[in-house]
Amino acid sequence: MIKDIRNIVMLTGAGISAESGLATFRGPDGLWEGHRVEDVCTPEALARHAELVHRFYDERRAKLAEVHPNAAHEALAALDRAWDGDLLIVTQNVDDLHERAGARRLLHMHGELRSALCADCGKAVAWADPLPPQSVCGGCARPSLRPDIVFFGEMPYEMDRIDAALRDADLFVSIGTSGAVYPAAGFVQTARHVGARTLELNLDPSAGSFYFEESRMGPASKLVPELVRELLG
Ligand code: APR
């Protein structure tokens, strides 16, 4: 599975941060921190209930101060430092645990909690504090800052860069994601199409498990360091 690999794409989801103490999106009760995803993660929700949506992401942002990267984030950061070939870590997560572990070849396809986005001019700015509705954009001076989160129905970030990396990949690894949300859930098919090997690391088989050549089941904090040791020989 991991012989003769040069170019790698790693896709991560909420499962990689679960052992750091951050709730996954689709828990046993189907709720994300007590909310239906569509009540806090759609443009309609933001338009109708801005207070609720902003408060929800304020709470998630504040929670980041209480959590730390775990062994899985650390292992991917170590791979990033040591790997000579191409590597792209594509995370669906809006937390900052990959970068706090030291990963650099990383992109956040679903946005970031510690960023605010102007709904008018599109400028994004680093944001560590609570973000009340009507906060003013430093770029265009309109009261249009919103959480920099890609809501359902919006286009994820950097799809061209992800697609290019997938097309060059020899190995595609999916870590801690349920495979319920497209386009990320379809990356495995692109990778297969170009002849990359495909590996899933997850606690339970994901919705698209059968697309992967190999699936390893267990906690990310164990499986990811094991894989990185294999890759680095
Ligand atoms: N180690 C590995 N996998 C784990 C662990 C763990 N310790 N704990 C949970 N998991 C797995 C679960 O089995 C599940 O398959 O992580 C997956 C988490 O799935 P989701 O909660 O659906 O999260 P994710 O796939 O990242 O969601 C995708 O959906 O709501 C949107 O935009 C949001 O980015 C998010 C997207």
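Quick caveat, the model's predicted, so the values are computed rather than measured. (Residues numbered from 1 in each chain as written. Predicted model: local features only at pLDDT ≥ 70, side-chain atom pairs only at ≥ 80, totals over all residues. Heavy atoms only, no water.)

Okay, the sheet that holds strand 9 (residues 214–217) next. What links the strands of a sheet is backbone hydrogen bonding, and the strands pair in either a parallel or an antiparallel sense. Read from one edge of the open sheet, 6 strands run 3-2-1-7-8-9, paired in parallel fashion. Two strands bound the open sheet, and with one partner strand each, they are strand 3 (106–108) and strand 9. Neighbouring strand axes in the sheet, compared pairwise and without regard to direction, differ in orientation by 15° on average. Strand direction decides the pairing type here: strand 1 (residues 8–12) and strand 2 (residues 87–91), joined by 5 bridges, are parallel. Directly across from M10, in strand 2, lies its bridge partner I89. Each of strand 1, strand 2, strand 3 and strand 7 (171–175) touches helix 7 (residues 159–168); the most contacted strand, strand 2, lies at about 135° to it. (Pairing = 2+ DSSP bridges. Helix = DSSP H or I, 4+ residues; strand = E, 2+ residues; numbered from the N terminus. Axes fitted to C-alpha atoms, helices over the stretch in contact; angles between N-to-C directions. Contact = heavy atoms within 4.5 Å.)

Moving on, we come to the packing of helix 5 (residues 71–82) against helix 9 (residues 220–232). Two elements in contact, helix 5 and helix 9, have axes whose closest approach is 7 Å; the angle formed by their N-to-C orientations is 20°. With respect to helix 9, the element helix 5 is oriented roughly parallel. Helix 5 and helix 9 meet at a crossing whose hand is left-handed. Across the interface between the two elements, A71, A72, A75, L76, L79 and A82 from helix 5 touch A220, S221, V224, P225, V228, L231 and L232 from helix 9. (Parallel < 35°, antiparallel > 145°, perpendicular 65-115°, else oblique. Left-handed = near helix turned anticlockwise from the far one by under 90°.)

Not every one of the 21 residues close to the ligand is listed here, only the nearest: F25, R26, T177, S178 and D204. Within the contact set of the ligand, an oxygen atom lies 3.3 Å away from a backbone nitrogen or oxygen of G176. With respect to the ligand, the side chain of T177 contributes an N or O atom lying 2.6 Å from an oxygen atom. Of the residues assigned to the shell around the ligand, the class counts are 8 nonpolar, 10 polar and 3 charged. (Near = heavy atom within 4 Å. Polar contact = N/O pair within 3.5 Å; in protein donor to acceptor, adjacent residues only side chain to side chain. Nonpolar A, V, L, I, M, F, W, Y, C, P; charged D, E, K, R; others polar.)

Okay, helix 4 (residues 50–63) next. In a regular helix each residue adds 1.5 Å, so 14 residues correspond to 20 Å; helix 4 covers 20 Å between its end C-alpha atoms and thus fits that length. Every buried residue of helix 4 is listed here: V53, H54, F56, Y57, D58, R60 and R61. (Expected span 1.5 Å × (residues − 1). Buried < 20%, exposed > 50% of the residue type's maximum accessible area, 1.4 Å probe, protein only.)

Turning our attention to the nonpolar core. Counting 27 residues, the largest nonpolar core has M10, I175, V224 and L231 as the members making the most contacts within it. If you list the elements that add at least two residues to this core, you get strand 1, helix 5, strand 2, strand 7, strand 8 (197–202) and helix 9. Element by element, the count of residues in this core is highest for helix 9, at 6 residues. (Core = buried A, V, L, I, M, F, W, Y, C linked by side-chain atoms within 4.5 Å.)

With that settled, the discussion passes to the sheet that holds strand 6 (residues 145–149). Pairing in this open sheet of 3 strands is antiparallel, and the strands run 5-4-6 from one edge to the other. The two strands at the open ends of the sheet, each matched to only one other strand, are strand 5 (124–126) and strand 6. Going across the sheet, the axis of each strand differs from the next one's by a mean of 45°, ignoring polarity. By the bridge criterion, 3 bridges tie strand 4 (residues 111–118) to strand 5 in an arrangement that is antiparallel.

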